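Okay, here's what each chain looks like letter by letter:
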Amino acid sequence: MDFNLTTEQKALKAEFDEFFKEEEKRAPENWIGGFETRFENDENWEYYRSCIDNAAKKGWLSLPWPKQYGGRELSYIEQALFAQSAEYHRVPAIDVHLSIVSAGILAFGSDEIKNEWLPRMSKGEIDFAQCWSEPNAGSDLASLTTKAVEDGDDYIINGQKIWTTGAHRANHLFIVARTNPDVKNTKGLTYFLCDINLPGIEIRRLDYMNRAHVYNEVFFDDLRVPKKNIVGDVNNGWYVTMAGANFERSGAGGIAAMQRDMEDLVQFCKEHTRNGQALSKDPMVRRKLAQITVEIEKARQWAYWVSWQQSADPWAFSEPSAAKYFMTELLVHLSNTAVEIMGLYGTLKQGSKWALLKGKFESMCQATLGFTIAGGSSETQKNIIAWMGLGLPRMK
Amino acid sequence: MDFNLTTEQKALKAEFDEFFKEEEKRAPENWIGGFETRFENDENWEYYRSCIDNAAKKGWLSLPWPKQYGGRELSYIEQALFAQSAEYHRVPAIDVHLSIVSAGILAFGSDEIKNEWLPRMSKGEIDFAQCWSEPNAGSDLASLTTKAVEDGDDYIINGQKIWTTGAHRANHLFIVARTNPDVKNTKGLTYFLCDINLPGIEIRRLDYMNRAHVYNEVFFDDLRVPKKNIVGDVNNGWYVTMAGANFERSGAGGIAAMQRDMEDLVQFCKEHTRNGQALSKDPMVRRKLAQITVEIEKARQWAYWVSWQQSADPWAFSEPSAAKYFMTELLVHLSNTAVEIMGLYGTLKQGSKWALLKGKFESMCQATLGFTIAGGSSETQKNIIAWMGLGLPRMK
Amino acid sequence: MDLELTEEQQLLKNSARDFFEKELPKETVKELEVDELGYSTELWKKMAELGWCGLTIPEQYEGAEFGMQELVMLLDEMGRACLPGPFFSTIVLGAPIIMAAASEEQKSELLPKVASGDLILALALTEPSATYDPAGVNTSAIFDKDSYVLNGTKLFIHDAHCADYLICVAKTKVWSKPEEGISLFLVDPKSPGITITPLESIADDHQNEVSLENVKVPAANLIGKEGQAWPVMKRVLQEAAIAKCAEMIGGCDWTVETSAAYAKERVQYGHPIGAYGSIQHYLADMWIEAGMARRMTYYAAWCLDQGIPCTMEVATTKTCVNEAYKHCTRMGVQILGGIGTTHDHDIGLFYRRSRQAALLFGDTEDSLNKVAEEMSL
Amino acid sequence: MDLELTEEQQLLKNSARDFFEKELPKETVKELEVDELGYSTELWKKMAELGWCGLTIPEQYEGAEFGMQELVMLLDEMGRACLPGPFFSTIVLGAPIIMAAASEEQKSELLPKVASGDLILALALTEPSATYDPAGVNTSAIFDKDSYVLNGTKLFIHDAHCADYLICVAKTKVWSKPEEGISLFLVDPKSPGITITPLESIADDHQNEVSLENVKVPAANLIGKEGQAWPVMKRVLQEAAIAKCAEMIGGCDWTVETSAAYAKERVQYGHPIGAYGSIQHYLADMWIEAGMARRMTYYAAWCLDQGIPCTMEVATTKTCVNEAYKHCTRMGVQILGGIGTTHDHDIGLFYRRSRQAALLFGDTEDSLNKVAEEMSL
């Protein structure tokens, strides 16, 4: 075993760190990081766009892709280092949707679709929004009913999608729709890419608990998508979808973000007094901070292991599921614990001079609720571990 | 609402307390209380027998029964007060098996069986052991396969039972067996009482994790039980069984025992120093003790509520299930926390001069494991709450 | 022993349930969250007409003279309804202080107005120290001729923006032990030198910063004797903790019921999700926690009514209810899934309130610390 | 970066697995638990022949000179096998002290014997103070002519009853800071004045009380320089913590595998219990905890091998592994149901060991305290 980075990895990490340290300085005043905040207002979105453009210029949006499509053919370890550096500095230079779509294209796309889409994606030109879930197809995604019917060179799509994060800012959608209405499960689904400005797309705002505009509902009314925009084979969209869930999933980036949040919280506790004593000297505060530090360290070691494993076997399932579950639950725990440690200050919203740490944890203790649900709920991740990792039987 | 006891209840409680305070003084040197320990050695068993005899003389084994069978026709509240007092003083004057059998008899027994058995039971003459579970029928008790076949005035029983606590000390068994082999569920079961000295009964010791002899396996080889020993109707034994699980189930006694254990633990922490400071002044120890105190108080208030409810509706299910689940999990937590607080001393077994508090928590942190399994596991109790209390659907 | 609600209590609870179901749709609650005033004056009037503003006020001051237990019944339903507005500030915090410490003249003037819904009070206790301890009070009141001059910053003050009077807690003796130098003042929020700035919180519960700069308060506005206010505050804070618990158990019950109902309806993989063991066990745990929180709250309220010293009971109850409410709402969102994270769904109201309520009048660590003190640890 | 085991490590782990599966049935473990000596000398010889006693001993003293990582591989399997006996006392605790602090003469005399399995050591550190801190050492060693006279009580001393030598930790300077006055002595357990009394623990791991009453120890038996032993002890205690973690992760894996296998087989209500969501989620959590505990242990062992200062890594690892092992074994019993609570089933071995192991070389609170210190809290 050797936990050291290679010389090349160290150099790359140093390059990332230097770059993102600078990028962070350009952040809007109220910027608190995170994946969803970029969609919330114009200022944040502009910052995100500029960060993506700058990262694209460095060729960093496509680190693990083949060189012919603008990639650097690096492993998931380098991808994890990139995510760590960006997220530690709270720089929004990671586009989850880009990772999802590119993984699907790389695994199942034709040469034609690869050549058309990947180079533009690596340049940061395309902002995708995800059209997977439907009101009645959440955890049970394969039961989705949005229909796509063949019509000449096109498919005509009708139906409704939900939880389409960022659709109000994106320029493209990726859509999973049912092309074979005779089967109701994973078979008969097809994966489409589509310009968001096509007629037949209606986007409706769906506010988050804290009133932020992140989610949308998307309605398709005779949306006409050309056949050439299909990724993989017709009726094979489920596997493209699964591949798409299969990008770097160690959570290394999110863990780096948590480390940063913890640094802020620890600093706060050292500077802030209660009853004449620094919060950090309160035995219970001290213990809670130490406990979370242990949990973060567990997640961090696990993330390296997952990245390492995924580099060898991109189809490993249980380990990434564990990473996703553990990290998102830890985020909920961290943000709630932070609010409690901060006491009456903890619940104040960003804006007032009395709101500390930019009201970050007040915001996070709402925002994190979505993390343990979206992208496979905590329960789904545990099911995957039970079925795949432990071979337990599935109740039909 | 009025949380005060009535004048009569207060007087009765005072009588209980005075009595059990004296009884406690007679306990063997190594006595640590609890339900199972009585079966472990002759000295403990003798103490138990003498306590039962004394309680029987007072008429306290049958507080809620009709007067004609030796009862006092009191409510579950008085029953709970009795249990609290006995268990607080660690006096083994409560016989769970007696409660189980008497509840079944009172609900479903004929006058004949009531007259034959109840007066003797109220006098403490009968030590029952339970023959319900089988190796392949645990949580799913109704799938049991021990057979009872009619033969003249008798039934002939063949099969195997397991987890028969105290069979090596008991003088009677109560047995649930299948009398209708054509159905495999709750229908077709019959409830028998039986002298343990009848031919055809073999008892095999089954040691507990800590090597204590508490459990037994019981094998029936052409055991002949007279028909007059059937409680309720033939093939109606499931309901007798359910009634039998339906005695005073608030857990009030167990909670009183925990309060006593906590008093000992708190006292230990006040007297014992680590690094020159009383353990009770260690902030984490302090917090753990406070937290357990809160949990015990929750259980205590709940117990009163359950006793109150059961007095009105002895067929309430969810509330007693919650009490059983919560209290047994709390017992596991208390005993493990105590071991941890006591540090290296915590794991020492009774016997050495260095073992503190009679090694009680070392023993309890093994013994309590059975509590969250026996008599309906924690999972089963939660299922009952989900189905009965919340009306959630049952997966078939 | 009688652990059921009295007929009167049950009636009060039922009528409050009916009233809020009819009069206060959750849509309205959400609108009021971002409203500057933050509550419906019309609804307030109706509540006053029902006698709720005077529920605990003595009959001689035109109230119904009920106790803590009846107040708990009402607050339980207010918690379930997510009622916004100054009921808690006025009736749970303000009125009891007046009842316990004020002069006959003050009582006669103020209490009938509270009972009729014509007077709104706000308690200005907490400060940047963010504690409920007397040592956290740094606002000073200096006697000068016929009035007191107040200086300091009050923080996290609910409903100060709409109160007719602030009950301001200030130090009148700076050299004494903290708990011996505390006095109470009835302060007109329109007095010169007062600045009230809204503070937005996760619960959208209309907190404020109240800045006091050389605010002159007439000596007649002193409530009770100078320097002797802390015992009154201590008692009122205990009542407030249990009153807050009452709101919280109402929220717990709503959450458990709503999550269970959704779990019965929502079908995934061919079954209602409530048929899956993991969801069943989540809900069973929530049901237990909510039930225990309720029993603890009832018992503590009864102890308060009986005048039994109950520092321990209040602290154990607040600990239990804090954790129950936080856990129920968090798991409720998890069971509801995506829809539970939206502003459209009502569970967010409860989730957000649970985070705030768990910090008010004793957070879990403070409460456990009190339990430890009561155990002489 | 290479996160896989080296071929050598994997081989060692595999051969240890095979060896113990063949040579040490759990029935034997249970018999040895109540045996006075507590281990099989025959098995010990075989282990020595395989070179395991000398695994980490330098080649010049006839060892294999492997590091912490390889030791972890072996201990992992020993933990899975519930190996009783003085391997840990001798190879993890005793030998490293000799290697780090002893004179060349002592090393040459002792280490080859350890490597060949002919010498058993026990560390007599802990006392009635029940801590691993230097301040907890009250046993005194007073220099008198050509020897030291030891007085004190050593408690919780594993394998003292079968050791050829005790390595006794004692205070030689009582007036100094605790960590500056600690010395180490090689003590013949048969010396006059020594009484060894067995202590039974939940883990049946053959602990002892070692009472020292005016025990004369020749000056030549001092290990290292007088008063300078604590830095050595500190390092050895860090290694011991990770070595204990290695045993514990072996136990975790056995527990998860055994519980999962049972859940696949055991049918209730017409389905294997492993098909029920609640059991699946228990097992998924256990699988995650066991996996993370393993990764943490590997990383800490690597840090120790690299000579990287790793107080933080050791403390986080011990915290994580303590809780993982306790939780896995507790839930393992719950999944197994009644049978899991019997002496017949093997899970009791692991459950009982987990309770003990979590207290050794840093319990969870001590470890978290170290984490907090490292965070400058």
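A.B. asks: Please clarify how the overall build of chain A should be interpreted in this entry.
C.D. replies: If you tally the helices and strands in chain A, you get 11 helices and 10 strands. When its C-alpha atoms are laid out on the principal axes, chain A stretches across 75 × 50 × 45 Å. Taking all 396 residues of chain A together, the buried fraction comes to 62%. Sequence-distant contacts, at least 24 apart, represent 71% of the contacts inside chain A between residues at least 6 apart. Accessible area of chain A: about 15000 Å², with a carbon and sulfur share of 49%. A distance of 5 Å separates the average location of the 45 positive side-chain charges in chain A from that of its 52 negative side-chain charges.

A.B. asks: How should I be thinking about the overall build of chain C in this particular structure?
C.D. replies: Summing up its helical and strand segments, chain C has 11 helices and 10 strands in all. Seen through its C-alpha atoms, chain C measures out along the principal axes to roughly 80 × 50 × 40 Å. The buried share of chain C, taken over its 377 residues, is 68%. Partitioning the contacts of chain C with sequence separation of at least 6, the portion at a separation of at least 24 is 75%. Element-wise, carbon and sulfur atoms account for 49% of the exposed surface of chain C, whose accessible area totals about 13200 Å². Between the averaged position of the 32 positive side-chain charges in chain C and that of its 56 negative side-chain charges there is a distance of 2 Å.

A.B. asks: What should I look at first to understand the environment of N30 of chain B in this one?
C.D. replies: In this fold, N30 of chain B is placed in the loop between α1 (7-25) and α2 (42-58). Residue contacts for N30 of chain B: discarding those within four places in its chain leaves Q350 and K358 of chain B.

A.B. asks: Sorry if this is basic, but what is going on with the interface of chain D and chain B here?
C.D. replies: The accessible area lost on association of the parts is a frequent measure of interface size. Across the contact, 46 residues belong to chain D and 43 residues belong to chain B. Summed over both partners, the interface of chain D with chain B buries about 3800 Å², with 56% contributed by carbon and sulfur atoms. Among the residues chain D hides against chain B, the three largest losses belong to Y269, T341 and L359 of chain D. Together they make up 16% of the total. Applying the counting criterion to the chain D and chain B interface returns seven salt bridges. Residues E340 of chain B and K326 of chain D are paired through a salt bridge, measuring 2.6 Å at the closest nitrogen-oxygen approach.

A.B. asks: Where do I start with unusual backbone geometry in this structure?
C.D. replies: With the exception of glycine, most residues fall at negative phi, and the peptide bonds are largely trans. Residue and element names in this part refer to chain C. Notably, F361 is not glycine yet its phi reads approximately 55°, a positive angle. Inspection of the secondary structure assignment puts F361 in the loop between α10 (347-357) and α11 (364-374). On the basis of relative accessible area, F361 is assigned to the buried category, the value being 15%.

A.B. asks: I tried to follow the domain arrangement of chain C on my own but got confused; where do I start?
C.D. replies: Residues and elements named next belong to chain C. As assigned here, chain C comprises domain 1 (7-120), domain 2 (122-227) and domain 3 (231-374). Its C-alpha centre places domain 1 at a distance of 23 Å from the equivalent point of domain 2. The partner domain 2 presents 20 residues to the 22 residues of domain 1 that form the contact. Where domain 1 abuts domain 2, roughly 1500 Å² becomes buried across the two surfaces, and 61% of that area is made up of carbon and sulfur atoms. Counting the contacts that link domain 1 with domain 2 gives zero salt bridges. Summed over the shared surface of domain 1 and domain 2, the result is eight residue pairs in polar contact (both at pLDDT 80 or more).

A.B. asks: How do you make sense of the environment of F185 of chain D when you look at a structure like this?
C.D. replies: Of note, F185 of chain D is situated in strand β5 (residues 182-187). Residue F185 of chain D is classed as buried on the basis of its relative accessible area, which comes to 0%.

A.B. asks: Which parts of the structure should I look at to understand the packing of helix α5 (residues 87-101) of chain C against helix α7 (residues 230-265) of chain C?
C.D. replies: Two packed helices can be described by the angle between their axes and the distance between those axes. All names here are of chain C. Where α5 meets α7, the closest approach of the two axes is 10 Å, and the angle between their N-to-C directions is 155°. When the axis of α5 is compared with that of α7, the two are roughly antiparallel. Crossing angle aside, the handedness with which α5 passes α7 is right-handed. Facing α5, whose interface residues are F88, V92, L93, P96, I97, A100 and A101, α7 presents V232, M233, V236, E239, A240, A243, K244 and E247. Here the residues of the contact of α5 with α7 are counted per class, giving 12 nonpolar, no polar and three charged.

A.B. asks: Honestly, the interface of chain A and chain D in this entry has me stumped. Any pointers?
C.D. replies: Each partner contributes residues to the interface: chain A has 45 residues there, and chain D has 46 residues. Between chain A and chain D the total buried area reaches about 4400 Å² when both faces are included, carbon and sulfur atoms providing 71% of it. Three residues, M1, F3 and W308 of chain A, lead the burial of chain A against chain D; their summed loss comes to 20% of the area buried on that side. For R287 of chain A, the salt bridge goes to E365 of chain D, with nearest N and O atoms at 2.5 Å. For the pair chain A and chain D, the number of links is 14 residue pairs in polar contact (both at pLDDT 80 or more). Breaking the side of chain A that touches chain D down by element, the ones donating at least two residues are α7 (252-271), α8 (283-312), α9 (318-342) and α11 (378-389) of chain A. Among the elements that make up the side of chain A that touches chain D, the one with the highest residue count is α8 of chain A (15 residues). Among the residues making up the side of chain A that touches chain D, the classes are represented as 23 nonpolar, 11 polar and 11 charged.

A.B. asks: Teacher, can you tell me more about the nonpolar core here?
C.D. replies: Side chains of a nonpolar character, in soluble globular proteins, are inclined to be buried together. Core analysis: the largest hydrophobic core is formed by 510 residues, its most contacted members being F87 of chain C together with F87 of chain D. With residues near it in sequence (within four places) discarded, F87 of chain D still touches W44, M47, W52, C53, L71, L74, L75, M78 and V92 of chain D.

A.B. asks: Where do I start with the pairing of strand β3 (residues 147-154) of chain C in this structure?
C.D. replies: Within a regular beta strand, the side chains point alternately toward one face of the sheet and then the other, so they alternate between its two faces. Residue and element names in this part refer to chain C. Counting buried residues in β3 gives six out of eight residues, a clear majority hidden from the surface. With five bridges connecting them, strand β2 (residues 140-144) and β3 associate as antiparallel partners. Each bridged residue has a counterpart across the sheet, and for A141 the counterpart in β3 is L150. Pairing analysis gives seven bridges linking β3 to strand β7 (residues 207-218), with the strands arranged antiparallel. Each residue of the ladder has a partner; that of S147, found in β7, is P218.

A.B. asks: I tried to follow the domain arrangement of chain A on my own but got confused; where do I start?
C.D. replies: All names here are of chain A. Taken domain by domain, chain A holds domain 1 (7-94), domain 2 (128-240) and domain 3 (249-389). Placing the centre of domain 2 and that of domain 3 at their C-alpha centroids yields a distance of 32 Å. With six residues of domain 2 at the interface, the matching set in domain 3 holds eight residues. Taken as a group, Y208, M209 and N210 account for 69% of the area that domain 2 buries against domain 3, more than any other trio of residues on that side.

What counts and what doesn't
- Residues numbered from 1 in each chain as written.
- Chains lettered and ligands numbered in written order.
- Predicted model: local features only at pLDDT ≥ 70, side-chain atom pairs only at ≥ 80, totals over all residues.
- Heavy atoms only, no water.
- Helix = DSSP H or I, 4+ residues; strand = E, 2+ residues; numbered from the N terminus.
- Buried < 20%, exposed > 50% of the residue type's maximum accessible area, 1.4 Å probe, protein only.
- Contact = heavy atoms within 4.5 Å.
- Areas by Shrake-Rupley, 256 points an atom, 1.4 Å probe, with all protein chains shown as cover.
- Lys, Arg positive; Asp, Glu negative; His and termini not counted.
- Charge placed at Lys NZ, Arg CZ, Asp CG, Glu CD.
- Buried area = accessible area lost by both parts, 1.4 Å probe.
- Salt bridge = Lys/Arg side-chain N within 4 Å of Asp/Glu carboxyl O.
- Domains from an automatic or database assignment.
- Polar contact = N/O pair within 3.5 Å; in protein donor to acceptor, adjacent residues only side chain to side chain.
- Axes fitted to C-alpha atoms, helices over the stretch in contact; angles between N-to-C directions.
- Parallel < 35°, antiparallel > 145°, perpendicular 65-115°, else oblique.
- Left-handed = near helix turned anticlockwise from the far one by under 90°.
- Nonpolar A, V, L, I, M, F, W, Y, C, P; charged D, E, K, R; others polar.
- Core = buried A, V, L, I, M, F, W, Y, C linked by side-chain atoms within 4.5 Å.
- Pairing = 2+ DSSP bridges.

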